[in-house]
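If you want the building blocks of each chain, they are given just below.
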Amino acid sequence: MKYSPFCWLIATLGALLVPTSTPRLAAAEPATASEGKLRIICFGAHPDDCELQAGGVAAMWAAKGHKVKFVSVTNGDIGHWRDAGGPLALRRKAEVEAAAKILGIATEVLDIHDGELLPTVENRREITRLIREWKADMVLGPRPNDYHPDHRYTGVLVQDAAYMVTVPFFCPDVPHLKSNPVFLYYPDSFQKPNPFRPEVAVSIDSVIEKKLDALGVIVSQFAEGGANGSADSLPADPEKQKLRHQEVRDGFAKRNQSVADRFRAKLEEGYGEDRAAKIKYAEAFEICEYGRRPDKAELARLFPFFAD
Ligand SMILES: [Zn+2]
């Protein structure tokens, strides 16, 4: 496979300006009263990371009326072999908005240059505000030991916010959270300093087509190959294009299958041995040591899928 399993963005170009603030490319959807529904916010470094890691479970939460928001912490403006800058950022924003529509969730892209994310106090405030504004019960993000600096610092920023969201005089412009959310990590394959250890694995068989549809509209990154693609990635010929889109779809189906295979033992804990054996596609998450630590009963309330 030409593209890497986590992200299609390998930063190779410098962008022009470091913004002095982090204006958002999309207006935030205001949080509303929860009415017994869960509120989940997922962070990814680039406009495709959340969709890859949590697109399935997000669609399942949304189908039950829970509120899910994806945030891309950078604008993805160097994530293509041919295009860069503002026009690419706008294209990628439009792609994740189309994906969000398919999944039934909200989405936002922060206007920070791709490949330049740093764990600054300003960015810590921004992530803290976003979690508070969403009134999150649960926060998902990458682990901070990843090959890509933007992924790594997204992980650090979310960790740095994990306690600060509850501190009244940090960012007093947005009311602090009275209850600390549960923080969870996406899976990865990095072994050092410690491997990913899932605490929950969810079957996404019921929504796999929806997830594949959502990934399918992120054309700049997948069919066109993102930063490591070329003019050959998506040929001009319509028949060959069709084949390419199918190839991308099949690749992602396989990838979600490998998650189910890798974490089959964890699926058995949630679904029992017989049902787990039949699960084809899955997503898995590890609970962060920071934030609220849910017990088994709360975990079942946060992931209300095991009896479906
Ligand atoms: Zn990424």
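Preceding this paragraph is the structure being described.
This text gives an overview of the structure that appears in the document. The shown structure was predicted, so the numbers you read here are calculated from the model rather than taken from an experiment. (Residues numbered from 1 in each chain as written. Predicted model: local features only at pLDDT ≥ 70, side-chain atom pairs only at ≥ 80, totals over all residues. Heavy atoms only, no water.)

Some thoughts on the pattern of salt bridges
Counted according to the given criterion, the structure contains 18 salt bridges. The residue Arg 92 makes a salt bridge to Asp 114 at a minimum N-O spacing of 3.8 Å. Pair noted here: Arg 92 is in helix H2 (residues 86-103) and Asp 114 is in the loop between strand S3 (106-109) and helix H3 (121-133), with a separation of 22 residues, a long-range link. Notably, a salt bridge pairs Lys 93 with Glu 97, separated by 3.1 Å at the nearest N-O pair. Note that Lys 93 and Glu 97 are positioned in helix H2 at a spacing of four residues, about one turn of the helix. Taking relative accessible area as the criterion, Lys 93 reaches 16% and is therefore assigned buried. The network of salt bridges with common partners includes Arg 91, Glu 95 and Glu 224. (Salt bridge = Lys/Arg side-chain N within 4 Å of Asp/Glu carboxyl O. Helix = DSSP H or I, 4+ residues; strand = E, 2+ residues; numbered from the N terminus. Buried < 20%, exposed > 50% of the residue type's maximum accessible area, 1.4 Å probe, protein only.)

Here's the deal with the sheet that holds strand S7 (residues 282-291)
In space, the seven strands of this open sheet follow the order S3-S2-S1-S4-S5-S7-S6, with mixed pairing throughout. Edge positions in the sheet fall to S3 and strand S6 (200-203), since each has one partner strand and no second. Between one strand axis and the next, the sheet turns by 25° as a mean value, whatever way the strands run. (Pairing = 2+ DSSP bridges. Axes fitted to C-alpha atoms, helices over the stretch in contact; angles between N-to-C directions.)

Here we look at unusual backbone geometry
Cis geometry marks the peptide bond from Lys 192 to Pro 193; its omega dihedral reads 0°. Positionally, Pro 193 belongs in the loop between strand S5 (182-185) and S6. Positive phi, normally seen in glycine, also occurs at Cys 171, with a value near 50°. Relative to the elements of secondary structure, Cys 171 occurs in the loop between helix H4 (149-164) and S5. Among the residues examined, Cys 171 registers a relative accessible area of 5% and is labelled buried.

Focus on the nonpolar core
Nonpolar side chains in soluble globular proteins generally cluster together in the buried interior. By size, the foremost hydrophobic cluster in this structure holds 82 residues, and its most contacted members are Phe 43, Trp 61, Ile 131, Met 138, Leu 140 and Phe 303. Tallying contributions element by element places helix H1 (residues 49-63) first for this core, with nine residues. Apart from the residues lying within four places of it in its own chain, the contact partners of Ile 131 are Ile 41, Phe 43, Ala 136, Val 139, Ala 161, Val 165, Leu 177, Pro 181 and Phe 183. (Core = buried A, V, L, I, M, F, W, Y, C linked by side-chain atoms within 4.5 Å. Contact = heavy atoms within 4.5 Å.)

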